[in-house]
Amino acid sequence: MIGLKGTLNVIDNSGALLVECVNVLKQKVNNGWGSVGDEIVCVVKRARPITAVQAASATALKVRRGDVRRALIVRTKKAVRRPDGRLVRFDDNAAVLLNNKREMLGTRIGGIVSADLRLKGWGKIVSLAPKVRVGNGFMLTS
């Protein structure tokens, strides 16, 4: 459950390291709390430093500290109950940055994501992830 002022690690290669949630973009179902598969608006709190050489290259980092971006929640510390009764939780809260067209800013994902993303229409992110957490103790690798 991610709410206002909640911090998340960024697990893509967009250049951001840590973001802070400022709004949860979804229907008024869960009173402003976001879970796995929900979009949020966030502020970049910590980003990788950009050198002069990197700024001139074509593969420059896409975000800076203070940028306001959209993100997708891919992991939460709060346990999520699956329809079969299993509880799935992670060690941290994590997100992937998106642009306004709901496409990923980065080109790679560097961590485990929840399998619930595929059910919520984020199959592209699941396919890029190195590991997908299916249930308690179960992992799929690509």
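Use the structure listed above.
Right, let's walk through the structure included here. Quick caveat: nothing in here was measured; it's all calculated off a predicted structure.

1. Comments concerning the overall build of the protein
Point 1. On a plain count of helices and strands, the protein comes out with three helices and 10 strands.
Point 2. Secondary structure of the protein in N-to-C order comes out as β-β-β-α-β-β-β-β-β-α-α-β-β.
Point 3. Within the protein, counting contacts between residues at least 6 apart in sequence, those at least 24 apart form 53% of the total.
Point 4. If you sum the accessible surface of the protein, you get close to 8200 Å²; carbon and sulfur atoms cover 51% of it.

2. Notes on the environment of Gly37
Point 1. Residue placement: Gly37 occurs in the loop between β2 (16-25) and β3 (39-47).
Point 2. Residues Gly37 and Arg118 lie 81 residues apart in sequence; the distance between their C-alpha atoms is 8.7 Å.
Point 3. In contact with Gly37, not counting residues within four places along its chain, are Leu72, Ile73, Leu117, Lys120 and Trp122.

3. Things to note about the packing of aromatic side chains
Point 1. Considering all chains together, one arrives at zero aromatic pairs under this definition.
Point 2. Over the ring of Phe90 we find Arg133, and its NZ or CZ is 5.7 Å from the ring centre.

4. Description of the environment of Lys5
Point 1. Residue placement: Lys5 occurs in the segment before β1 (7-10).
Point 2. Expressed as a C-alpha distance, the spacing of Lys5 and Cys42, which sit 37 residues apart in the sequence, is 8.9 Å.
Point 3. Apart from the residues within four sequence positions on either side, Lys5 is in contact with Glu20 and Cys21.

5. So, the sheet that holds β1
Sheets are built from strands that pair by backbone hydrogen bonding, the pairs being arranged parallel or antiparallel.
Point 1. Taken in spatial order, the five strands line up as β1-β2-β3-β4-β7 and close into a barrel, and their pairing is mixed. In this sheet, neighbouring strand axes are inclined to one another by 55° on average, regardless of whether the strands run parallel or antiparallel.
Point 2. Where strand β4 (residues 68-75) and strand β7 (residues 94-98) come together, five bridges link them in antiparallel fashion. Of the residues in β7, the one forming a bridge with Ile73 is Ala95.

Parameters and conventions
- Residues numbered from 1 in each chain as written.
- Predicted model: local features only at pLDDT ≥ 70, side-chain atom pairs only at ≥ 80, totals over all residues.
- Heavy atoms only, no water.
- Helix = DSSP H or I, 4+ residues; strand = E, 2+ residues; numbered from the N terminus.
- Contact = heavy atoms within 4.5 Å.
- Areas by Shrake-Rupley, 256 points an atom, 1.4 Å probe, with all protein chains shown as cover.
- Phe/Tyr/Trp six-rings, centres within 6.5 Å; stacked < 30°, edge-to-face > 60°.
- Lys NZ or Arg CZ within 6 Å of the ring centre and 35° of its normal.
- Pairing = 2+ DSSP bridges.
- Axes fitted to C-alpha atoms, helices over the stretch in contact; angles between N-to-C directions.

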